[in-house]
Amino acid sequence: MREENGDISEEINLFWYENKDIAGHLFILTLSDIYGTSEDDQFLNKIRLFIIYLQEYYFDFYTKNIVEELLLSGKEIIEILGISPSPLVGKIKKELLKQQIKGEIKTKDQAISFIKSLKL
């Protein structure tokens with residue numbers, strides 16, 4: 001799935017990460033708005049098909065391939081890198097989560113390798 005869609009999968013992963021709890025509402029609102037303001041049946045169908053695609057993507061790819069829970073805690077990052085508690089730890093956690101949502105990091109070992117590779 002990812003190879004077919006290139007960079008768009010990262011954006012879709014981010015959409016699902018940030019909106020999974022309200023996605024149904026967003027879809028209903030989008031369809032209501034478009035059906036109420038557009039008479040272009042082709043456009044309406046494209047939007048409907050895109051919403052179906054987003055839902056299929058969520059169940060077929062996102063839920064099976066994306067690790068949303070941070071694989072390393074702040075304490076673990078401090079211990080692994082031998083650094084002091086500081087805002088840097090938060091920045092590292094944010095970068096790690098971003099890579100997880102992209103689908104680049106799926107295991108604790110990958111997470112450890114990633115944080116060790118960061119230029120601090």
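Up top is the structure these notes are about.
Residues numbered from 1 in each chain as written. Predicted model: local features only at pLDDT ≥ 70, side-chain atom pairs only at ≥ 80, totals over all residues. Heavy atoms only, no water.

**A closer look at the packing of helix H2 (residues 8–19) against helix H4 (residues 41–65)**
For the pair H2 and H4, interaxial distance at closest approach is 11 Å and the crossing angle is 90°. As far as their axial angle goes, H4 and H2 are roughly perpendicular. Two secondary-structure elements touch here, H2 through Ser9, Ile12, Asn13, Trp16 and Tyr17 and H4 through Tyr53, Leu54, Gln55, Tyr57, Tyr58, Phe61 and Tyr62. Across the contact of H2 with H4, the residue classes break down as nine nonpolar, three polar and no charged. (Axes fitted to C-alpha atoms, helices over the stretch in contact; angles between N-to-C directions. Helix = DSSP H or I, 4+ residues; strand = E, 2+ residues; numbered from the N terminus. Parallel < 35°, antiparallel > 145°, perpendicular 65-115°, else oblique. Contact = heavy atoms within 4.5 Å. Nonpolar A, V, L, I, M, F, W, Y, C, P; charged D, E, K, R; others polar.)

**Focus: the nonpolar core**
Counting 15 residues, the largest nonpolar core has Ile12, Trp16, Phe27, Leu54, Tyr57, Tyr62 and Ile66 as the members making the most contacts within it. Listed by contribution, the elements that provide at least two residues to this core are H2, helix H3 (23–37) and H4. Examining the composition of this core, we find that eight residues originate from one element, H4, more than from any other. Non-local contacts of Leu54, meaning those with residues more than four positions away in its chain, are made with Ile12, Trp16 and Phe27. Residues Leu71, Val89, Phe114 and Ile115 belong to the second largest nonpolar core, which totals eleven residues. (Core = buried A, V, L, I, M, F, W, Y, C linked by side-chain atoms within 4.5 Å. Buried < 20%, exposed > 50% of the residue type's maximum accessible area, 1.4 Å probe, protein only.)

**Description of the side chain of Gln99**
Within the secondary structure layout, Gln99 lies in helix H6 (residues 87–102). Not counting chain neighbours up to four residues away, the residues in contact with Gln99 comprise Glu104, Ile105 and Phe114.

**What to know about the pattern of salt bridges**
The full count for this structure, using the stated rule, is three salt bridges. With a closest N to O distance of 3.0 Å, Glu68 and Lys20 form a salt bridge. In this pair, Glu68 sits in the loop between H4 and helix H5 (74–81) while Lys20 sits in the loop between H2 and H3, placing the two residues 48 residues apart along the sequence. For Glu68, a relative accessible area of 22% translates into the label partly exposed. Note that Lys98 is salt-bridged to Glu95, the shortest N-O span being 3.2 Å. Note that Lys98 and Glu95 are positioned in helix H6 at a spacing of three residues, about one turn of the helix. Judged by its relative accessible area of 30%, Glu95 falls in the partly exposed class. (Salt bridge = Lys/Arg side-chain N within 4 Å of Asp/Glu carboxyl O.)

**Examining the environment of Lys75**
One can find Lys75 in helix H5. The spacing of Lys75 and Phe43 is 32 residues in sequence and 50 Å in space, taken between C-alpha atoms.

**Brief notes about the packing of aromatic side chains**
Each aromatic ring pair is summarised here by two numbers: the centre-to-centre distance and the angle between the ring planes. Counted under the stated rule, the structure contains nine aromatic pairs. Where Phe15 meets Trp16, the ring centres are 5.2 Å apart and the plane angle is 75°; that geometry is what we call edge-to-face. Taken together, a centroid distance of 6.2 Å and an interplanar angle of 45° make the contact between Tyr53 and Tyr57 tilted. Note that Tyr53 and Tyr57 are positioned in helix H4 at a spacing of four residues, about one turn of the helix. (Phe/Tyr/Trp six-rings, centres within 6.5 Å; stacked < 30°, edge-to-face > 60°.)

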